[in-house]
Amino acid sequence: MATRIALGQYLRNSRRTASIEEGQLIRLIEDVAYASRILAAMVGHGALGEVLGAAGSRNVQEEEQQQLDVLANDVVLETIRRSRHARAMISEEMDSVAEVEEARGYGRLLLLIDPLDGSGNIDINLPIGTIFSVLEAPMASQAILEQHVLQPGRRQLAAGYVLYGPSVVLVLTVGQGVAMFTLNRQVGEYLLVADQLRIPPGRHEYAINSANERFWSDDVRRYIGECQAGKDGPLGVDYSMRWTGAMVGDCHRVLLRGGVFMYPVDARTAAKGGKLRLLYEANPMALLMEQAGGAASDGQRSILDIQPTGLHQRVGVVLGDAEEVGRLVGYATGTAP
Ligand code: AFP
């Protein structure tokens with residue numbers, strides 16, 4: 001029986017140079033994969049693991065932290081402290097940049113991460129995930145400052161997510177297309193199950209939290225209204241709607257089945273700049289979508305071109321099928337009929 005390629009072999013096969021930075025990138029991605037296997041086990045225990053429920057604390061986003069949010073962040077931070085491939089970690093769960101002193105003078109990379117996306121789904125056993133992004137750090141000896149982290153998404157060296165669902169899958173790009181791995185729990189290895197993923201075109205499916213309709217801008221209202229009008233409306237085709245409550249779950253469906261995921265800025269979130277975070281949610285997902293032939297916009301421009309101004313900056317997000325994204329952006333920018 002043909003054996004599948006493991007994650008480590010895939011990464012080494014994808015290696016383009018003998019640079020120290022690429023060597024560390026391979027090992028940092030393996031560190032994230034290792035941490036995700038621990039998280040998969042923790043999440044997989046559910047109520048038996050005695051770690052469900054609120055932690056009794058709030059993160060910098062003023063969001064109530066679940067116990068698993070805090071534990072997941074600690075697992076990742078401890079993993080990269082030991083391995084020393086990342087000079088610093090930026091996390092949804094931490095106010096500021098967490099320097100990895102052990103990597104000073106050695107580490108060339110920055111890890112940006114949402115350790116557990118979709119925390120609201122933890123207690124009800126629905127999809128949750130880990131989203132990560134890797135950037136180049138400044139020269140190894142410098143202290144890592146916020147300005148070193150505020151790089152546009154196009155500068156990402158790697159981006160990916162782990163989805164803790166019926167199976168545990170890791171989806172990754174190092175800039176050479178999008179690969180998907182499934183965790184073989186018996187041997188504890190991520191095995192390649194798909195490579196060069198492309199978003200299937202023409203899938204009439206959208207994901208948005210429709211409870212926010214009264215806050216939407218006119219262009220979003222027009223786009224969704226046309227989808228809801230179905231074959232009797234201007235698009236002449238019926239659409240369906242999905243919403244998992246976790247960006248990782250919705251983006252994974254879009255990547256494999258097509259359609260579009262939206263969390264646009266609306267009247268309710270405008271003061272904060274939106275709901276989703278640019279550095280460790282929107283940017284990694286945007287790179288994956290573009291690498292898979294799709295698009296990702298904040299409603300006006302490509303997410304990957306945004307110059308970040310803050311570690312926990314929020315943005316509007318519409319991503320997936322390039323034609324669907326283009327239609328909404330056309331309405332928003334007045335370039336569509
Ligand atoms: P939590 O991690 O707090 O559950 O938020 C998840 C998320 O940031 C993103 O993963 C979802 O797409 C979005 O929020 C869901 O937001 P609503 O709860 O407003 O639908």
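Shown above is the structure to which this text applies.
The text that follows walks through the structure, step by step, so that each part is easy to find. (Residues numbered from 1 in each chain as written. Predicted model: local features only at pLDDT ≥ 70, side-chain atom pairs only at ≥ 80, totals over all residues. Heavy atoms only, no water.)

**Side note on the overall build of the protein**
Heads up, the condition is: Helical segments are the DSSP runs of H or I of at least four residues, strand segments are the runs of E of at least two, and each set is numbered from the N terminus. Using C-alpha atoms as the atom set, the radius of gyration is obtained and then compared with a globule rule of 2.2 Å times the number of residues to the power 0.38. With a 1.4 Å probe rolled over the protein chains alone, any residue whose accessible area is under 20% of its type maximum counts as buried; one over 50% counts as exposed, and the rest are partly exposed.
When you go through the protein residue by residue, the secondary structure sums to eight helices and 17 strands. Taking 20 Å as the expected radius of gyration for a compact globule of 337 residues, we find that the protein reaches 19 Å, a close match to that expectation. By its C-alpha atoms, the protein is 60 × 50 × 45 Å across when sized along the principal axes. For the protein, the proportion of its 337 residues judged to be buried stands at 57%.

**Focus on the sheet that holds strand E12 (residues 240-241)**
Note the threshold: Whether two strands pair comes down to DSSP finding at least two bridges between them. Residues are treated as being in contact if the distance between any of their heavy atoms lies within 4.5 Å. Every axis corresponds to a line fitted to the C-alpha atoms, with the helix fit spanning only the stretch in contact, and the corresponding angles, defined between N-to-C directions, vary from 0 to 180 degrees.
Spatial ordering of the open sheet is given by E12-E11-E13-E17-E15, a layout of five strands whose pairing is mixed. Looking at the sheet topology across the chains shown, the edges are occupied by E12 and strand E15 (295-297). Bridge analysis of E15 against strand E17 (residues 317-320) gives three bridges, and the strand direction is antiparallel. Across the sheet, the residue bridging to Ser 297 is Val 318, located in E17. Sheet strands touched by helix H7 (residues 278-291): E15 and E17. Its angle to E17, the strand with the most contacts, is close to 30°.

**Focus: helix H6 (residues 247-257)**
Most of H6 is tucked away, with nine of its eleven residues classed as buried. Taken together, the buried positions of H6 are occupied by Met 247, Val 248, Gly 249, Asp 250, Cys 251, His 252, Arg 253, Val 254 and Leu 255. Count one or two residues on from H6 and you reach Gly 258, which has phi positive near 95°.

**Quick look at the environment of Leu 163**
With respect to the helices and strands, the residue Leu 163 is situated in strand E7 (residues 158-164). Residues Leu 163 and Leu 116, 47 residues apart in the sequence, show an inter-C-alpha distance of 9.7 Å. Ignoring anything within four residues of it in the chain, the contact list for Leu 163 reads Pro 127, Ile 128, Gly 129, Val 168, Val 169, Val 248, Gly 249 and His 252.

**Looking at the sheet that holds strand E9 (residues 178-184)**
Taking strand neighbours across the sheet as the criterion, the eight strands line up as E4-E3-E5-E6-E7-E8-E9-E10 in an open arrangement whose pairing is mixed. Two strands close off the open sheet at either side, each with one partner strand: strand E4 (98-99) and strand E10 (189-194). Along the sheet, helix H2 (residues 20-45) makes contact with strand E3 (86-91), strand E5 (109-117), strand E6 (128-136), E7, strand E8 (168-173), E9 and E10, crossing E5 at roughly 15°.

**Re the layout of surface pockets**
Where we set the bar: For cavity detection a 1 Å grid was placed over the protein atoms alone, and a set of points counts as a cavity when a 1.4 Å probe fits there but cannot get out; an open set counts as a pocket when protein lies on both sides within 12 Å along at least five of seven lines, with lining residues being those that have an atom within 4 Å of a point. Grid points are joined across faces, edges and corners, and a volume is the space filled by probe spheres set on the points. In this entry, domain limits derive from an automatic or database-based domain assignment.
Roughly 450 Å³ of volume is contained in the largest pocket. In terms of lining residues, the largest pocket is bounded by 26 residues, among which Gly 118, Ser 119, Gly 120, Gly 245 and Lys 275 are the most central. Within the residue set of the lining of the largest pocket, elements represented by two or more residues are strand E2 (64-66), E5, H6, strand E13 (260-263) and strand E14 (276-277). Sorting elements by how many residues they give to the lining of the largest pocket places E5 first, with three residues. Summarising the domain contributions, the lining of the largest pocket has at least three residues from each of domain 1 (7-194) and domain 2 (205-333).

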